[in-house]
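# Understanding the architecture of this molecule
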2 protein chains.
Amino acid sequence: MKKSSTNVTWQERRLCKEDYRLRNGHRSLVLWFTGLSGSGKSTLAHLVEERLFAKGRYTYLLDGDNVRHGINGDLGFTEADRRENIRRIGEVAKLFVDAGVIVLAAFISPYREDRDRVRALFAPGEFIEIHVDCQLDICEQRDPKGLYRKARAGELPDFTGIDSPYEEPLSPELTVETGELDVEGSVDRVLEYLDRHALTWKDPE
Amino acid sequence: MKKSSTNVTWQERRLCKEDYRLRNGHRSLVLWFTGLSGSGKSTLAHLVEERLFAKGRYTYLLDGDNVRHGINGDLGFTEADRRENIRRIGEVAKLFVDAGVIVLAAFISPYREDRDRVRALFAPGEFIEIHVDCQLDICEQRDPKGLYRKARAGELPDFTGIDSPYEEPLSPELTVETGELDVEGSVDRVLEYLDRHALTWKDPE
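This section reports on the structure supplied with the text. No experiment lies behind these values; they were computed from the predicted model shown.

Residue and element names in this part refer to chain B. Two elements in contact, helix α2 (residues 41-54) and helix α8 (residues 183-196), have axes whose closest approach is 10 Å; the angle formed by their N-to-C orientations is 55°. Here α2 lies oblique to α8, going by the angle between them. Two packed elements cross with a definite hand, and for α2 against α8 that hand is right-handed. Here α2 contributes Leu44, Leu47, Val48, Arg51 and Leu52 to the contact with α8, which in turn contributes Val183, Ser186, Val187, Asp188, Val190, Leu191 and Leu194.

Time to look at unusual backbone geometry. Residue and element names in this part refer to chain B. Phi is positive for Ser109, which is not a glycine, with a value near 35°. Positive phi, close to 40°, is recorded for Asp143, a residue that is not glycine. Position of Asp143 relative to the elements: it lies in the loop between α6 (136-142) and α7 (147-152). For Asp143, a relative accessible area of 15% corresponds to the buried category.

Next up on the list: the interface of chain A and chain B. At the junction of the two partners, chain A supplies 59 residues and chain B supplies 58 residues. Around 5100 Å² of area is buried between chain A and chain B when both sides are counted, 59% of it from carbon and sulfur atoms. The tally of links between chain A and chain B comes to six salt bridges. Of the charged contacts, one joins Arg87 of chain B and Asp74 of chain A as a salt bridge, the two residues approaching to 3.0 Å between their closest N and O atoms. Between chain A and chain B we count 15 residue pairs in polar contact (both at pLDDT 80 or more) in total. Of the residues contributing to the side of chain A that touches chain B, the split by class is 19 nonpolar, 17 polar and 23 charged.

What follows concerns the sheet that holds strand β4 (residues 127-133) of chain A. Residues and elements named next belong to chain A. Across the sheet, five strands lie side by side as β2-β3-β1-β4-β5; this open sheet has parallel pairing. Each edge of the open sheet carries a strand with a single partner, namely β2 (59-63) and β5 (174-177). The mean angle between the axes of side-by-side strands here comes to 20°, regardless of whether they run parallel or antiparallel. Where strand β1 (residues 30-34) and β4 come together, five bridges link them in parallel fashion. Residue pairing for β4: Trp32 is matched across the bridge by Glu129.

Here the focus is the sheet that holds strand β3 (residues 102-106) of chain B. Residue and element names in this part refer to chain B. Taken together, five strands build an open sheet; the order of strands is β2-β3-β1-β4-β5 and the sheet is parallel. At either end of the open sheet lies a strand with only one pairing partner, and these are β2 (59-63) and β5 (174-177). Each neighbouring strand pair of the sheet contributes to a mean axis angle of 20°, computed without reference to strand direction. Sheet analysis places strand β1 (residues 30-34) next to β3, joined by four bridges and oriented parallel. Residue pairing across strands places Trp32 opposite Ala105, the latter belonging to β3. Here helix α5 (residues 112-119) sits on the sheet in contact with β1 and β4 (127-133), set at roughly 150° to β4.

About the criteria used
Residues numbered from 1 in each chain as written. Chains lettered and ligands numbered in written order. Predicted model: local features only at pLDDT ≥ 70, side-chain atom pairs only at ≥ 80, totals over all residues. Heavy atoms only, no water. Axes fitted to C-alpha atoms, helices over the stretch in contact; angles between N-to-C directions. Helix = DSSP H or I, 4+ residues; strand = E, 2+ residues; numbered from the N terminus. Parallel < 35°, antiparallel > 145°, perpendicular 65-115°, else oblique. Left-handed = near helix turned anticlockwise from the far one by under 90°. Contact = heavy atoms within 4.5 Å. Buried < 20%, exposed > 50% of the residue type's maximum accessible area, 1.4 Å probe, protein only. Buried area = accessible area lost by both parts, 1.4 Å probe. Salt bridge = Lys/Arg side-chain N within 4 Å of Asp/Glu carboxyl O. Polar contact = N/O pair within 3.5 Å; in protein donor to acceptor, adjacent residues only side chain to side chain. Nonpolar A, V, L, I, M, F, W, Y, C, P; charged D, E, K, R; others polar. Pairing = 2+ DSSP bridges.

This is how it looks when you write it as structure tokens:
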């Protein structure tokens, strides 16, 4: 492109995370919901998103619905593919955080190492690991998608909690016991945590 | 998660593209800048972003700087990897458009088929292909990163324009001749196009 000789105000400075954050009026970060299938991760994440959105925060939710057939549509269920699945989700979340957005990510993400690798992509305080903690027997009893039944019947090999491990977070930023709390209580736990740490602070309130 | 019996206002409806767009006050779409190395894609994209941002639009820029070592850090330069590179960028752009954001993507993206595959991910009117059209000899003369020199020396095999083809768009939404126009003129071309089609319309103006 020709350089302009008449106008020196064209800056080559690229917009950055701080520009987007300043405009949005709040910090950007990722709320990473991890837990067993049926623990309520996705419901919790989207209700938290709704509340943040209603308060004027800039948010986006990543879950199986928008990544499984999209960016990760080429991946299967081998161990390597599951790890790559989580790696890419982490990288996508990082782009959204860079764009000033509060990202909510709801994935079983059963391996500690994979979650820690995602955490390492972020600056301190940007990755909030939320353990959606619900006993296996309760998850299996709910079985909203009939997956546990299929897994017990041997139709879904390597199903987390049945014949594949779930490695609980050792020091998550927050644990929400969705086997004990009701829906509002669970959502409130997350919002209280965020308020307490001023993580999504916007207006004086 | 236990269901609440006391509060029936909890909705399970997920926030969607229209919610984000309504809040942001403008359409979301992807501006896909394609062209030779040195054609000015990245400069043009980030100056357009700056102008849109200054007008209050919600924007994000994808280019080599934030995807090469991130989401696509596992990819090399084989033909298959280059295609996968563009596929993933398209899918990431789609997530941002879903989040209500105007995405600017600046990549050589030399193959028509790859670009058309990205286009097919979007609803009509959401994918704006911008051909950043500059003659090879001018790009090579500028050679801002010294890549043409390396390619001519045989150090960068399969370099687009030298020993790998660039397939020009057959019917791009817009062509910007950056060999003819100066920087402001190029930026204005893009903004005029967007205004003419009311693509990033926000306030009555």
